[in-house]
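Given next are the chains, with one letter for each unit.
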Amino acid sequence: MAPDSRGTTPGTRPGVRILVVGGGYVGMYTALRLQRKLKQRLKSGDAEIVVVTPEPYMTYQPFLPEAAAGSISPRHVVVPLRRVLDHCTIVIGEARSIDHAKRTATVTTLATQEDGTGALEISYDEIVIAPGSVSRTLPVPGLADFGIGFKTVEEAIGLRNHVIEQMDIASATRDPAIRDAALTFVFVGGGYAGVEALAELEDMARYTARYYHNIKPADLKWVLVEASGRILPEVGEAMGAYAIGELRGRNIDVRLDTRLDTCEGRIAVLSDGSRFPTRTLVWTAGVKPAPLLAATGLPLTERGRLRCTATLGVEGMPHAWAAGDAAAVPDLTAAEPGRETAPNAQHAVRQAKVLADNVLATVEGRPLKEYRHAYAGSVASLGLHKGVAHVYGRKLKGYPAWLMHRTYHLSRVPTFNRKARVLAEWTLAGLFKREIVSLGSLEHPRAEFELAAGGGTDPGTPPRTGPDRPKG
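Residues numbered from 1 in each chain as written. Predicted model: local features only at pLDDT ≥ 70, side-chain atom pairs only at ≥ 80, totals over all residues. Heavy atoms only, no water.

As annotated in an unreviewed UniProt entry, the protein carries the name NAD(P)/FAD-dependent oxidoreductase and is attributed to Streptomyces durocortorensis. Regarding the protein, the relevant UniProt record gives this comment under Sequence similarities (unreviewed entry): "Belongs to the NADH dehydrogenase family." (UniProt positions renumbered as here; feature names shortened; annotations may be inferred.)

Structure, rendered in structure tokens:
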């Protein structure tokens, strides 16, 4: 029999075990609220909260563009779950399937292959399913070989290292074709991730160019490819149009109603016939529900999300709960019936609060609450001191929008520790020059030792880093 990760004396069973699948916005905030509400029962062993997550931290994704640009240290973009959820049992692993009829989840951990004992079977009384989402890719030829994602802190820092590395290549090469390809950066997807990542990195690269004797800011070519007719739809049509004007004013080539057809041979071919030899292709064209949802046996929508009620319970499945990217939650504030809440951080954080309270209400036999929140609006950064915002019907642009972007996200990043550290870094960044160091060797730290130990083919060749590095 596979071991059970209940964290209690063998043969005993807590009064209630709540299993939280996922350590993102919904998972962390739900577990945090449950931890506070069940403090005494957790101490006495009458209750247990188990959090299953593939990473030991929660990533505050709105800060990824600034981490990529060097405005924030990568370690301040993540929140360590063991520190925040100190009364919960943290299991680093992935839920592979859920059998809600038996109230068990099958989980593989880092030790699954090492000890040969097989996956864990974790039983539960209540389950919160919040595995988040994964990048939505299309069968574009060459994408799997050359594309770079932008959803994790590792990808953000890898992309920063890669951009600076391309500038190093362009500065050193004698081949004009290699130079042009190295200085061409193509981003696919005009949502938050794509626009903010491009804007922040363009800002950083333009600043970095001053330290290269043979690269000027005008030598860098930035291309944004969007399949629809607008970018940043969350901030409204007017602010989206302003953002396009702002980007084009910085010589960024914005291609609307355009798709990426292929990127084979490191040549990005667009649906309008344009061809861009490039060594950097960043894919941010949307997300899709985590594959786990299809292995739960729970009711799903056409888009693969869990069908939920306004109380955040999975429809027709008592004791199963979901929110955030994984859940299709009816929007009770919408004028027209049938609409669902947007799968974004604003709703996820607020849904987590209601979800946690409803789980407790179920355990204690109290009535449930419905989730109801009118969408307040959105803010987006377009680089240092530039941004757009559409909040509570008011439209802001330029410096005020950028300041609102920073203020809002500083207020939302979890823990006072992280708030203080991020604020300190912003303050120091305003007083000193940008850091323009590429630490690509972090992605393959044993490369130097392998060469020294005779594992490399050519001791005189430095190890390759970044997205171009062969996967080991």
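Asks: Got a minute to help me understand the UniProt feature "domain: FAD/NAD(P)-binding" (unreviewed entry) in the protein in this structure?
Replies: Those places that UniProt annotates as "domain: FAD/NAD(P)-binding" (unreviewed entry) correspond, in this numbering, to residues 17-351. For the annotated span residues 17-351, helix accounts for 30% and strand for 26% of the residues, and the straight-line distance between the end C-alpha atoms is 21 Å. (Helix = DSSP H or I, 4+ residues; strand = E, 2+ residues; numbered from the N terminus.)

Asks: How should a nonpolar patch on the surface be read in this particular structure?
Replies: There is a patch of nonpolar side chains on the surface, built from Leu428, Leu431 and Phe432 and spanning about 360 Å² of accessible area. For leucine 431, the position within the fold is in helix 13 (residues 416-431). (Patch = residues over 30% accessible without salt bridge, like charges linked within 9 Å, V, L, I, M, F, W, Y side chains within 5 Å. Areas by Shrake-Rupley, 256 points an atom, 1.4 Å probe, with all protein chains shown as cover. Salt bridge = Lys/Arg side-chain N within 4 Å of Asp/Glu carboxyl O.)

Asks: Is there a simple way to think about the sheet that holds strand 8 (residues 126-129) in this case?
Replies: Two orientations exist for strands paired in a sheet by backbone hydrogen bonds: parallel and antiparallel. An order of 7-6-5-2-1-8-20 is seen for the seven strands of this open sheet, with the pairing classed as mixed. Looking at which strands have only one partner, the edges of the open sheet turn out to be strand 7 (120-123) and strand 20 (320-322). For this sheet, the mean angle separating the axes of adjacent strands, direction not counted, is 35 degrees. Relative to strand 20, strand 8 runs parallel, the two sharing three bridges. Its bridge partner being in strand 20, isoleucine 129 is matched across the sheet by alanine 322. Across the face of the sheet, helix 1 (residues 25-37) comes into contact with strand 1 (16-21), strand 2 (47-53) and strand 8 while running at roughly 165 degrees to strand 2. (Pairing = 2+ DSSP bridges. Axes fitted to C-alpha atoms, helices over the stretch in contact; angles between N-to-C directions. Contact = heavy atoms within 4.5 Å.)

Asks: Looking at this structure, I do not really get the environment of valine 225. What am I missing?
Replies: In this structure, valine 225 sits in strand 12 (residues 221-225). Distance in space between the C-alpha atoms of valine 225 and arginine 421 is 35 Å, their sequence separation being 196 residues. Leave out the neighbours within four places in its chain, and valine 225 touches Val186, Phe187, Val188, Gly189, Gly190, Arg255, Thr258, Arg259, Leu260 and Leu270.

Asks: Honestly, the sheet that holds strand 24 (residues 394-397) in this entry has me stumped. Any pointers?
Replies: Strand order across the open sheet formed by three strands is 22-23-24, with antiparallel pairing between neighbours. Each end of this open sheet is capped by a strand with a single partner; those strands are strand 22 (377-381) and strand 24. Pairs of neighbouring strands in the sheet enclose a mean axial angle of 5 degrees, with direction left out of account. In this sheet, strand 24 lies alongside strand 23 (residues 387-391) in antiparallel orientation, the contact comprising four bridges. Counterpart to histidine 390 in the pairing with strand 24 is lysine 395.

Asks: Just checking my understanding: could you explain helix 10 (residues 237-249) for this structure?
Replies: It helps to recall that an α-helix has 3.6 residues per turn; residues three or four apart then point in one direction. With 13 residues, helix 10 extends 18 Å from end C-alpha to end C-alpha; this agrees with the ideal 18 Å at 1.5 Å per step. Each element contacted by the buried residues of helix 10 is listed here: helix 9 (192-208), strand 12, strand 13 (252-255), strand 23 and strand 24. Note on helix 10: the residue one or two positions beyond its end, asparagine 251, has a positive phi of about 65 degrees. (Expected span 1.5 Å × (residues − 1).)

Asks: Where do I start with unusual backbone geometry in this structure?
Replies: With the exception of glycine, the majority of residues adopt a negative phi angle, and the majority of peptide bonds are in the trans configuration. Positive phi, close to 65 degrees, is recorded for asparagine 251, a residue that is not glycine. Mapped onto the elements, asparagine 251 comes out in the loop between helix 10 and strand 13. If you check the backbone angles, aspartate 257 has positive phi at about 50 degrees while not being a glycine. Turning to its location among the elements, aspartate 257 is positioned in the loop between strand 13 and strand 14 (260-262).

Asks: What's the story with the packing of aromatic side chains in this structure? I'm lost.
Replies: What describes a pair of aromatic rings is the distance from one ring centre to the other and the angle between the planes of the rings. Applying the stated criterion to the full structure yields seven aromatic pairs. Ring geometry for phenylalanine 63 and tryptophan 426: centres 5.7 Å apart, planes at 90 degrees, overall edge-to-face. Here phenylalanine 63, found in the loop between strand 3 (57-59) and helix 3 (64-69), pairs with tryptophan 426, found in helix 13; they are 363 residues apart in sequence, far enough to count as distant. We classify tryptophan 426 as buried; its relative accessible area is 9%. Between phenylalanine 187 and tryptophan 222, the ring centres sit 6.1 Å apart and the planes meet at 35 degrees, which makes this aromatic pair tilted. With a gap of 35 residues between them, phenylalanine 187 in strand 11 (residues 184-188) and tryptophan 222 in strand 12 connect regions that are remote in the sequence. When sorted by exposure, phenylalanine 187 lands in the same class as tryptophan 222, which is buried. Taken together, the ring pairs connect Tyr25, Tyr60, Phe63 and Trp426 into an aromatic cluster. (Phe/Tyr/Trp six-rings, centres within 6.5 Å; stacked < 30°, edge-to-face > 60°. Buried < 20%, exposed > 50% of the residue type's maximum accessible area, 1.4 Å probe, protein only.)

Asks: It is not clear to me how the pairing of strand 12 should be interpreted in this structure. Could you clarify?
Replies: Each regular strand carries side chains that alternate between the two faces of the sheet. Most of strand 12 is tucked away, with four of its five residues classed as buried. Bridge count between strand 11 and strand 12: five bridges; the pairing is parallel. When the bridges of strand 12 are listed, phenylalanine 185 appears paired with tryptophan 222. For the crossover from strand 11 across helix 9 to strand 12, the handedness is right-handed. (Right-handed = clockwise from strand over helix to strand, strands pointing away.)

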